[in-house]
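Structure at a glance
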Amino acid sequence: QVPLQACGGGLVQAGGSLRLSCAASGRPFRNYVVGWFRQAPGKEREFVAAIWRSGATYYADSKKGRFTISSDNAKSTVYLQMNSLKPEDTAIYYCAADQSIIMSSMMSSQHYHYWGQGTQVTVSS
């Protein structure tokens, strides 16, 4: 088991920023691929960004330039910095981790074994 705890969500005005954190308890993140997903009401869970074991980062096309994923292995924490937020970014954001995921499955939520509880992000217009 890899307990994950996501936090940092909140209410922000359009154009504002938030930084989400995903902390792993007792496990070094460097051995895992860590992804951020989000789910808006009535919509499918969608891929936001992922950071690979090598430190390489990947983003959904619509998030490039506004979102930045990074990791602090010493703290076993992965961050998602979100800038220029829009009302359509409103969703519950989840972090997920997996040790065995392959590149072609990185954007698919079903391939991640470990999930945090989600943190609500609300962007007002």
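Above this text you will find the structure in question.
Sequence order as written defines the numbering, with residues in each chain counted from 1. A pLDDT threshold of at least 70 governs which residues receive local features in this predicted model, and a stricter bar of 80 or more applies before side-chain atom pairs are shown or counted, although totals over entire chains, interfaces and linings include all residues. Excluded from the side-chain calculations are hydrogens and water; all other atoms, namely the structure's heavy atoms, are used.

Quick look at the overall build of the chain now. In this text, helices come from DSSP runs of H or I with a minimum length of four residues, and strands from runs of E with a minimum of two, each type numbered from the N-terminal end. Scanning the chain from N- to C-terminus turns up 0 helices and 11 strands. Along the chain, helices and strands appear, N-terminal first, in the series β-β-β-β-β-β-β-β-β-β-β. To get the radius of gyration, use the C-alpha atoms; to get the globule rule, take the number of residues to the power 0.38 and multiply by 2.2 Å. Its C-alpha atoms give the chain a radius of gyration of 13 Å, within 12% of the compact-globule value 14 Å for 125 residues. The buried share among the 125 residues of the chain stands at 44%. When contacts within the chain are restricted to residue pairs at least 6 apart in sequence, those whose partners lie at least 24 apart make up 58%. Reported accessibility uses the Shrake-Rupley method at a 1.4 Å probe radius. Residues are deemed covered only where the shown protein chains occlude them. As displayed, the chain offers around 6400 Å² of accessible surface, 46% of which is attributable to carbon and sulfur atoms. For each residue, the accessible area found with a 1.4 Å probe, counting protein chains only, is set against the maximum for its type, and the residue is called buried under 20%, exposed over 50%, and partly exposed in between. In this description, contact between two residues means that some pair of their heavy atoms is separated by no more than 4.5 Å.

Our focus in this paragraph is the sheet that holds strand 1 (residues 4-7). A pair of strands counts as paired when DSSP detects no fewer than two bridges linking them. Read across the sheet, 4 strands follow the order 1-3-8-7 without closing on themselves; strand pairing throughout is antiparallel. One side of each edge strand has no neighbouring strand; the edge strands of this open sheet are strand 1 and strand 7 (67-72). When the angles between neighbouring strand axes are averaged without regard to direction, this sheet yields 15°. Axis definition: a line fitted to C-alpha atoms, over the contacting stretch in the case of helices. Angles run 0 to 180 degrees between N-to-C directions.

This part takes up the side chain of Ser76. Tracing the chain through its elements places Ser76 in the loop between strand 7 and strand 8 (77-82). Apart from residues no more than four positions distant in its own chain, Ser76 is found in contact with Cys22, Ala23, Ala24, Arg27, Pro28 and Phe29.

A few words now on the pattern of salt bridges. Salt bridge, as used here: a side-chain nitrogen of Lys or Arg that lies within 4 Å of a carboxyl oxygen of Asp or Glu. A complete count under the given rule lists 3 salt bridges for this structure. Here Asp89 makes a salt bridge to Arg38, at a shortest N to O gap of 2.8 Å. With a gap of 51 residues between them, Asp89 in the loop between strand 8 and strand 9 (91-98) and Arg38 in strand 4 (residues 33-39) connect regions that are remote in the sequence. Each of the two residues, Asp89 as well as Arg38, counts as buried. Within the structure, one salt-bridge network assembled from shared partners comprises Arg38, Glu46, Arg66 and Asp89.

If you trace the backbone, Thr57 turns up in strand 6 (residues 57-59). On the basis of relative accessible area, Thr57 is assigned to the partly exposed category, the value being 33%. In sequence terms Thr57 and Val121 are 64 residues apart; their C-alpha atoms lie 22 Å from each other.

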